[in-house]
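# Survey of secondary and tertiary structure
Residues per chain, in single letters:
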Amino acid sequence: MESFGARLHRAVSERGPLCVGIDPHPGLLARWGLDDDVRGLDRFARTVTEALGDRVAVIKPQSAFFERFGSKGVAILESTIRQLRDAGSLVLLDVKRGDIGSTVAAYASAYLDPSSPVHVDAVTASPYLGVGALAPMFELAAEHGGGVFVLALTSNPEGAAVQRARTADGRTVAQTVIDEISQLNAGAQPLGSVGLVVGATIGDTGHDLSAVNGPLLAPGLGAQGATAADLRVVFGSALPAVLPSYSREVLGAGPDPDALRAAADRALTGCRAALAAGD
Ligand SMILES: O=c1ccn([C@@H]2O[C@H](COP(=O)(O)O)[C@@H](O)[C@H]2O)c(=O)[nH]1
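Residues numbered from 1 in each chain as written. Predicted model: local features only at pLDDT ≥ 70, side-chain atom pairs only at ≥ 80, totals over all residues. Heavy atoms only, no water.

Where helix 3 (residues 38-52) meets helix 5 (residues 70-87), the closest approach of the two axes is 10 Å, and the angle between their N-to-C directions is 10 degrees. One finds that helix 3 runs roughly parallel with respect to helix 5. The two elements helix 3 and helix 5 cross, and the hand of that crossing is right-handed. Packed against helix 3, whose contacting residues are Val38, Leu41, Asp42, Ala45, Arg46 and Thr49, the element helix 5 presents Lys72, Gly73, Ile76, Thr80, Gln83 and Leu84 at the interface. Of the residues contributing to the contact of helix 3 with helix 5, the split by class is five nonpolar, four polar and three charged. (Axes fitted to C-alpha atoms, helices over the stretch in contact; angles between N-to-C directions. Helix = DSSP H or I, 4+ residues; strand = E, 2+ residues; numbered from the N terminus. Parallel < 35°, antiparallel > 145°, perpendicular 65-115°, else oblique. Left-handed = near helix turned anticlockwise from the far one by under 90°. Contact = heavy atoms within 4.5 Å. Nonpolar A, V, L, I, M, F, W, Y, C, P; charged D, E, K, R; others polar.)

This is the structure in structure tokens:
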């Protein structure tokens, strides 16, 4: 079984370091001339999938925008996941799950067991019930070649109060998460399968990402104000592991598929240049 880290490494080598989110905001549906209903959601997700599924390394559906429409929205999420996987992109489902271990095991089977209808390549997870409580996700991911991206330093300004609070040993909460994930990925080649989420908006926080040996998902680019040039400031020597992520910046170019492709290409070109500056 090829690990998620190896599959991601290959996808990025072939398609470039870019993740594009599918975030069907009501405002975007309106801009695309679609109704804010299940049919609009379906058209939006299909358009992004058909335009980008065969060229972008990682596509990240934001579960909340599908769940908003109940079981019909989740059915569209299921078919979107299938179409994206058929088109060859890796699917990272942004669900930010986290709970006590026995419940995390159920989340793990929902998203990381290949027999599940919402099986994806990777999920986002919240460590605020303890990184150890996420162990069932890490284990099932490892068994089936899946990945988990754990929140460390999120892109929103409110995250800092929790994530940069100091623990008894003087490290920040975020640094304890970073250190625990680094241990999980130690020795993995070419890259570990447990990633971190570190916002591109956060500036130089002094956190040490040098030992993570796993992918670093960087949301916050575009609509939240960060630019590709900010990646260098945030990630420093960890730049080669960064997977830049854009949603509204690219989606706002739709619904014309060529315009979506051009927006994704622009994002990729900017990120390639910024990441190469770290070589
Ligand atoms: O720290 C985080 C973690 C996740 N996100 C998610 O990424 C996208 C960002 O969308 P944009 O339109 O590019 O702002 C969205 O789904 C968030 O839930 C994040 O922004 N920050």
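Surrounding the ligand, one finds 15 residues, the nearest of these being Asp23, Ser155, Gln224, Ser247 and Arg248. Note that a nitrogen atom of the ligand is positioned 2.6 Å from one of the side-chain N or O atoms of serine 155. A distance of 2.8 Å is found between an oxygen atom of the ligand and a side-chain nitrogen or oxygen belonging to glutamine 224. Burial of the ligand by the protein amounts to 88% of the accessible area it has alone, namely 470 Å². Here the shell around the ligand is composed, by residue class, of five nonpolar, five polar and five charged. (Near = heavy atom within 4 Å. Polar contact = N/O pair within 3.5 Å; in protein donor to acceptor, adjacent residues only side chain to side chain. Areas by Shrake-Rupley, 256 points an atom, 1.4 Å probe, with all protein chains shown as cover.)

Quick look at unusual backbone geometry now. Each neighbour pair has its own omega, and for glutamine 189 with proline 190 the value is -5 degrees, a cis peptide bond. Structurally, the position occupied by proline 190 is in the loop between helix 9 (173-185) and strand 6 (194-198). In this structure, proline 255 follows glycine 254 across a cis peptide bond, with omega equal to 10 degrees. Relative to the helices and strands, proline 255 is located in the loop between helix 11 (248-251) and helix 12 (257-276). Even without being a glycine, lysine 96 presents a positive backbone phi close to 45 degrees. Residue placement: lysine 96 occurs in strand 3 (residues 90-97). Judged by relative accessible area, lysine 96 falls into the partly exposed class, the value being 40%. (Buried < 20%, exposed > 50% of the residue type's maximum accessible area, 1.4 Å probe, protein only.)

Quick look at the side chain of threonine 124 now. Checked against the element boundaries, threonine 124 lands in strand 4 (residues 122-125). The class of threonine 124 is buried, set by a relative accessible area of 1%. Here valine 95 takes part through its backbone nitrogen, which lies 2.9 Å from a polar atom of the side chain of threonine 124. Ignoring sequence-local partners within four residues, the contact set of threonine 124 consists of Leu92, Leu93, Asp94, Val95, Lys96, Arg97, Phe149 and Val197.

Next up on the list: the packing of helix 3 against helix 12. Viewed as axis vectors pointing N to C, helix 3 and helix 12 meet at an angle of 60 degrees, and their least axial separation amounts to 9 Å. It follows that helix 3 is oblique to helix 12 by the angle criterion. The hand of the helix 3/helix 12 crossing is right-handed. Contact residues: Thr47, Val48, Glu50, Ala51 and Leu52 in helix 3; Pro257, Leu260, Arg261 and Ala264 in helix 12. Across the contact of helix 3 with helix 12, the residue classes break down as six nonpolar, one polar and two charged.

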